[in-house]
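Coordinate inspection notes
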Amino acid sequence: MRVEGKGRIDRSAPLDFHFDGVKYAGFRGDTLASALLANGVRLMGRSFKYHRPRGVLTAGSEEPNALVTLGDGAGREPNLRAPMVELSEGLVARSQNAWPSLKYDLLSVNDALAPFLSAGFYYKTFMWPRTFWEGLYEPFIRRAAGLGALSGAANEGHYLRAFVHCDILVIGGGPAGLRAARASAEAGADVILADESWELGGRLLSETETIDGKPAADWIQSEIAALEDLGVRIMTRTTVTGAYDGGTFGALERRPDGGVAECFWRISARRAVLCAGALERSVAFADNDRPGVMMASAVRSYLNRFGVSPGRRVAVFCNNDGAYRTAKDLAAAGVTVAALIDSREGVALDVDGLPHHGGARVVGTRGRRGLEQITVAKGGRVFRIEADCLAVSGGWNPSVHLTCHMNGRPTWHEGISSFVPTEGAVPGLTAAGSAAGVMDTFGCLKSGAEAGLAAATELGLKGPKLKTPKAEAEPYRIEALWEVKAPRGAARRAWLDFQNDVTTKDIRQAAQENYQSVEHMKRYTTQGMATDQGKNSNVAALALLADATGRGIPETGTTTFRPPYVPVTIAAMGAGAQGKGFAPERLTTSHAATVARGAPMIEAGLWYRPSYFHEAGETHWRESCDREVRMVRERVGVCDVSTLGKIDIQGKDAAAFLDFVYTNTFSTLKEGRVRYGLMLREDGHVMDDGTCARLGPTHYVMTTTTAAAGQVMQHLAFVAQCLRPELDVSFISVTEQWAQFAVAGPRSRELLNTVLDAPIDDEGWPFMSCGAVHVAGVAGRLFRISFSGEHAYEVAVPARYGDSLFRLLVAQAEALGGGAYGMEALNVLRIEKGHITHAEIHGRTTAFDIGMARMVSAKKDCVGKTMAARPGLVDDARQQLVGLKPVEPGAELSAGAHLFNEGAAPVADNHQGYVTSVAYSPSLGHQIALGFLAGGQDRVGEVIRFWDGLRGLDAAVEVVSPCFIDPEGGRLRG
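Attention in this report is confined to the structure presented alongside it. These figures come from a predicted structure and were not determined experimentally.

Moving on, we come to the overall build of the chain. Secondary structure assignment for the chain yields 23 helices and 50 strands. Expressed as lengths along the three principal axes of its C-alpha atoms, the size of the chain is roughly 110 × 70 × 55 Å. The 974 residues of the chain split such that 57% are buried. Pairs at least 24 apart in sequence give 66% of the contacts found in the chain among residues at least 6 apart.

Structure, rendered in structure tokens:
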């Protein structure tokens, strides 16, 4: 199907590639779509719902049909648009959404079931019987959903994320974009020109036009040279995908030839000019979706740019003058034009002797897996024409999408029967050329230059007014045609959204069933919800909805266009967030010694911490955990707590600052003492808890939970800069500067006295005291605090001594019958004591919910105090923290379970609360739990129902105090 003498491909550089296991040949400069067409391949995919045969429809990023999967293994990439895939040596592509093969797709049986699968069928079919949903309907729908599939393996591709600034961003490298960039650059602006193709020129690359008396391709090269001389940054293969606040634009750059697969750019521009052109739309008629039915502009692109004729006998069907170019270019290249069919009456255009049918319309097509024949109606006569390709043009839609990304709406333009951008919809962005509704080359060149100069002028720059080159200036004439109704008695379907199988009948059905809002129609029919986001079909669908509801198109309006403009791989948006980039490994100073002891490591707030320390003879983690818990309760244990956030706070107003940050008072805290503190968000919910030690008159050290260390630091900065800027206070995170270890258990002081230079006693170091110490000659700090509920301390030394101190402490503990304990035991110890973590203060709980309402001081203000006092947040019926223990000691409990009154059915209306933390307590001999129960503080002693439907657990539990061990606190104070 190659046409000699046509195209911009390099015929001296042949390339081999595979599609569905068959080897084909193409040339450098081809796309996958053009190379397949050149090899006579028309069937390239199957539609989503009915699995109808589909061929390529367009030649650009708006392609809805020809979606393929490239590569194998971890690098497999699905849902790539064949017209956007540059051909390369050895490329391997596969079709999608077909089984067992594209040619013989058994799932095409869905097409025969179409009467049962009409628009909205899923809202009706799957409602009854209700018991079928989980067992039958949902699994079936999930298996059927989606098109291409990922490999499931980790993506090893290299992706980048980059940032760039400029004065003016020009979006689109067609005639308008080239002139806009040049006009801006001539005025001295720093300009970026971004285009989604690998070469600039836009539609000019697909036409046989001349500009200033020379071929358009030559003029393009001269413009590019001028832009390079002016220092314009040209970014090809780069699609601007979204417009955001503050002049920020997202852009995806494809890099097929390097080690980097894609780069996601964040472009900050003071001004932007949208020159994204326009997209040709189809006309809905019976069976208009067969392979071989294409956009007229796409047929010209494949002919003039790639040297391929999509058919041997091509018919053209249109309602505007532009499609006549397709017929003339095909005839000039020696391709048989079977017919030129114009729906308009009385249009007198030069057709160069081609078979011409004015006032006629295509009403149907024939062909099993590709077009073979079309049916034409003219007046009262119906006749057939043999054709293997039909080039259709229903007019052009300006690419308004980016102008709508900040909730703007386009404006209806009756003259071109389409929507155009509304000025000011995106601050700082102006549309030019076809994107603004200008449909001739001369007008695009002029519009682009004017917009580029205007953007530069707004920035205070001055430049020359560019002379507009001589170019085609034919008026754009169109007579709106959205649908050709099938002859009376015919039951064939006319398609709008080719990928999602939405028909004209579906739109009318939506209106009939009262889904008359354009947004409701979209969701009811799935119109415009495929990967092309309705670029080909939205305007026609809106017109049909307007007709069905008796409204005008402007009144009907458009759906909401959202970023991204084209699909963007998650790997590109999250570049740098794979592996350690996403979750960097933070290691404590005791890490090497911990790993050497064989402890399995788990992540906690990006830190790697030991889960438990296995000993010989232990066959299960629970055995190790239970031993470590008993060890701490009966003798002594050592745990690395360096991961807790540590923030050094100093200044003459440090005390006032802490009073405002915490719910309780810290200005009354004496030097050498520690106090537990609670911190609220501005909305009154608990942000974090921890301790704060006063080391001097104006010197404090705050500790936070591991998970919230960064959040608390940001919160302190916000308070100091925005809420209380008058306070003289400074603070800095010192988490990494100190290695800190908990020493807990009845023999904890005995252990510490073996490593401290000066022994300590209970009188000198009472509970909640702190101060400076020397540990084996090293200056450090000691805090008498306890997270386990036992007599305990936390000793801190500069981080460089952490490894040796951990080894020393563990050795001394083992000599006393103790040892190291990990996160599993730490969790059991805190649940036994009723201490909370972010399992309980998960963002939706208040001080009232966790039984700490009295910690919100009535004598001072603090962040979140007023909001925390809202009636709904202090209602006695709120779910409050309680402890739970099984009535039957052997019953199994689970975190995430739900609570109901005894005997109540486990349904939403009966819901009383939920479980946050569960552990087996070796001290009590059964499982225990913390959770939230409606009115829980007044329900201690009540028996309720514990239910976990996911794990099949159902048990009776007794509501008890959250503190299971030593509620009087004698152990930690003694």
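Another point: the pairing of strand β35 (residues 645–650). The buried fraction of β35 is high, at five of six residues. By the bridge criterion, four bridges tie β35 to strand β39 (residues 730–733) in an arrangement that is antiparallel. Among the inter-strand pairings, Ile 647 is bridged to a residue of β39, identified as Ser 733.

Inspection of the entire model under this criterion finds 11 aromatic pairs. Consider the rings of Phe 285 and Phe 317, whose centres lie 5.8 Å apart with planes at 70°: the pair is edge-to-face. Of this pair, Phe 285 sits in the loop between β16 (278–280) and β17 (293–295) while Phe 317 sits in strand β18 (residues 313–318), and the two are 32 residues apart along the sequence. Judged by relative accessible area, which is 1%, Phe 317 ranks as buried. An angle of 75° between the planes, with centres 6.2 Å apart, marks the rings of Phe 900 and Trp 947 as edge-to-face. Residue Phe 900 is found in strand β46 (residues 898–901), and its partner Trp 947 is found in strand β49 (residues 943–948); the two are separated by 47 residues along the sequence. Given a relative accessible area of 3%, Phe 900 falls into the buried group. Look at Trp 947 and you get partly exposed, because its relative accessible area is 26%.

With that out of the way, let us pick up the nonpolar core. Side chains that are nonpolar tend, in soluble globular proteins, to be buried together. With 81 residues, the main nonpolar core has Leu 32, Tyr 302, Phe 317, Ile 374 and Leu 390 as its most contacted residues. Among the elements that make up this core, the one with the highest residue count is helix α1 (residues 32–38) (six residues).

Moving on to the sheet that holds strand β21 (residues 360–366). Strand pairing in a sheet is mediated by backbone hydrogen bonds. Such pairs are either parallel or antiparallel. Strand order in this open sheet of three strands is β21-β22-β23, and the pairing throughout is antiparallel. Sheet topology places β21 and β23 (381–386) at the edges, where each strand pairs with a single neighbour. This sheet shows a mean twist of 30° between the axes of neighbouring strands, independent of strand direction.

Now for helix α5 (residues 175–186). Side chains that are three or four residues apart share a direction in an α-helix, a result of its 3.6 residues per turn. Between the first and last C-alpha of α5 there are 17 Å, a value that for 12 residues agrees with the 16 Å anticipated at 1.5 Å per step. Here α5 lies mainly inside the structure; 10 of its 12 residues are buried. Residues of α5 that are buried include every one of Pro 175, Ala 176, Gly 177, Leu 178, Arg 179, Ala 180, Ala 181, Ala 183, Ser 184 and Ala 185, and no others. Considering only its buried residues, α5 is in contact with β8 (158–171), β9 (191–194), α6 (216–229), β15 (260–274) and α9 (441–458). The positive-phi residue at the C-terminal boundary of α5 is Gly 188, with phi of around 95°.

Another aspect to go through is a nonpolar patch on the surface. A surface patch of nonpolar side chains, amounting to about 340 Å² of accessible area, comprises Trp 99, Leu 106 and Leu 107. Inspection of the secondary structure assignment puts Leu 106 in the loop between β7 (91–95) and α2 (109–112).

It is worth spelling out empty space enclosed by the protein at this point. Per the counting criterion, the structure on display carries eight cavities of 30 Å³ or more. Volume-wise, the largest cavity comes out at about 130 Å³. Only β25 (396–398), β27 (418–420) and α12 (538–549) provide two or more residues apiece to the lining of the largest cavity. Looking at the lining of the largest cavity element by element, the count peaks at three residues for α12. Classifying every residue of the lining of the largest cavity by side-chain character gives eight nonpolar, seven polar and one charged.

Moving on, we get to the pairing of β21. The element β21 is largely enclosed, with a buried count of five among its seven residues. Strand direction decides the pairing type here: β21 and strand β22 (residues 373–378), joined by six bridges, are antiparallel. Its bridge partner being in β22, Ala 360 is matched across the sheet by Lys 378. In sequence, β21 turns back onto β22 through a hairpin of six residues, with Gly 367 there showing a positive phi of about 135°.

For the rest of this paragraph, the subject is the sheet that holds strand β44 (residues 819–820). Here six strands make up an open sheet; going across it, the order is β41-β42-β43-β40-β34-β44 and the pairing mixed. Every other strand in the sheet has two partners, leaving β41 (770–775) and β44 as the edge strands with one partner each. In this sheet, β44 lies alongside strand β34 (residues 637–640) in parallel orientation, the contact comprising two bridges. Looking across to β44, one finds that Val 638 is bridged to Ala 820. The strands touched by helix α20 (residues 802–815) are β34, β40 (738–744), β41, β43 (792–798) and β44; relative to β40, the strand with the most contacts, the crossing angle is about 10°.

For helix α16 (residues 621–634), built from 14 residues, the straight-helix expectation of 20 Å at 1.5 Å per residue is met to within 8% by its first-to-last C-alpha distance of 20 Å. For α16, every residue scored as buried is listed here: Ser 624, Cys 625, Asp 626, Arg 627, Glu 628, Val 629, Met 631, Val 632 and Arg 633.

Attention now goes to the side chain of Lys 522. For Lys 522, the location among the structural elements is in helix α11 (residues 518–525). One buried charged residue, Lys 522, remains without a salt bridge, the closest side chain of opposite sign being Glu 519 at 4.8 Å.

On to the environment of Arg 52. Mapping Arg 52 onto the fold places it in the loop between β3 (45–46) and β4 (53–54). The spacing of Arg 52 and Pro 291 is 239 residues in sequence and 9.7 Å in space, taken between C-alpha atoms. Excluding its chain neighbours within four sequence positions, the residues that come into contact with Arg 52 are Gly 45, Arg 46, Ser 47, Asp 111, Asp 287, Asp 289, Arg 493, Trp 495 and Asp 501. Engagement of the side chain of Arg 52 in a polar contact is seen with the side chain of Asp 287, the distance being 3.5 Å.

Bringing the pattern of salt bridges into the picture now. Across all of its chains, the model carries 52 salt bridges by this definition. Two residues, Asp 849 and Arg 878, come together in a salt bridge whose shortest N-O distance is 2.7 Å. Of the two residues, Asp 849 is situated in the loop between α21 (823–833) and α22 (865–868) and Arg 878 in the loop between α22 and β45 (879–886); the sequence distance between them amounts to 29 residues. In this pair, the class of Asp 849 matches that of Arg 878, namely buried. Via salt bridges that share partners, Arg 52, Arg 54, Asp 287, Asp 289, Arg 290, Arg 492 and Asp 501 belong to a single interconnected network.

Helix α18 (residues 709–723) packs onto helix α17 (residues 654–661) with a crossing angle of 110° between their chain directions and a minimal axis gap of 11 Å. One way to sum up the angle between α17 and α18 is to call them roughly perpendicular. Along its contact with α17, which presents Phe 657, Phe 660 and Val 661, the element α18 presents Leu 716, Val 719, Ala 720 and Leu 723. Its residues placed into classes, the contact of α17 with α18 shows seven nonpolar, no polar and no charged.

A few words now on the environment of His 591. Examined against the element boundaries, His 591 turns out to sit in helix α15 (residues 591–596). With relative accessibility at 18%, the residue His 591 sits in the buried group. Expressed as a C-alpha distance, the spacing of His 591 and Val 856, which sit 265 residues apart in the sequence, is 39 Å. When neighbours within four sequence positions are excluded, His 591 is seen to be in contact with Met 601 and Tyr 608.

Mapping Gly 415 onto the fold places it in the loop between β26 (411–413) and β27. Since its relative accessible area comes to 46%, Gly 415 is described here as partly exposed. In the structure, Gly 415 is positioned 61 residues away from Tyr 476 in sequence and 8.8 Å away in space, judged by C-alpha atoms.

Parameters and conventions
Residues numbered from 1 in each chain as written. Predicted model: local features only at pLDDT ≥ 70, side-chain atom pairs only at ≥ 80, totals over all residues. Heavy atoms only, no water. Helix = DSSP H or I, 4+ residues; strand = E, 2+ residues; numbered from the N terminus. Buried < 20%, exposed > 50% of the residue type's maximum accessible area, 1.4 Å probe, protein only. Contact = heavy atoms within 4.5 Å. Pairing = 2+ DSSP bridges. Phe/Tyr/Trp six-rings, centres within 6.5 Å; stacked < 30°, edge-to-face > 60°. Core = buried A, V, L, I, M, F, W, Y, C linked by side-chain atoms within 4.5 Å. Axes fitted to C-alpha atoms, helices over the stretch in contact; angles between N-to-C directions. Expected span 1.5 Å × (residues − 1). Patch = residues over 30% accessible without salt bridge, like charges linked within 9 Å, V, L, I, M, F, W, Y side chains within 5 Å. Areas by Shrake-Rupley, 256 points an atom, 1.4 Å probe, with all protein chains shown as cover. Salt bridge = Lys/Arg side-chain N within 4 Å of Asp/Glu carboxyl O. 1 Å grid on protein atoms, 1.4 Å probe; cavity = no way out; pocket = protein on both sides within 12 Å on 5 of 7 lines; lining within 4 Å. Points joined across faces, edges and corners; volume = space filled by probe spheres on them. Nonpolar A, V, L, I, M, F, W, Y, C, P; charged D, E, K, R; others polar. Lys, Arg positive; Asp, Glu negative; His and termini not counted. Polar contact = N/O pair within 3.5 Å; in protein donor to acceptor, adjacent residues only side chain to side chain. Parallel < 35°, antiparallel > 145°, perpendicular 65-115°, else oblique.

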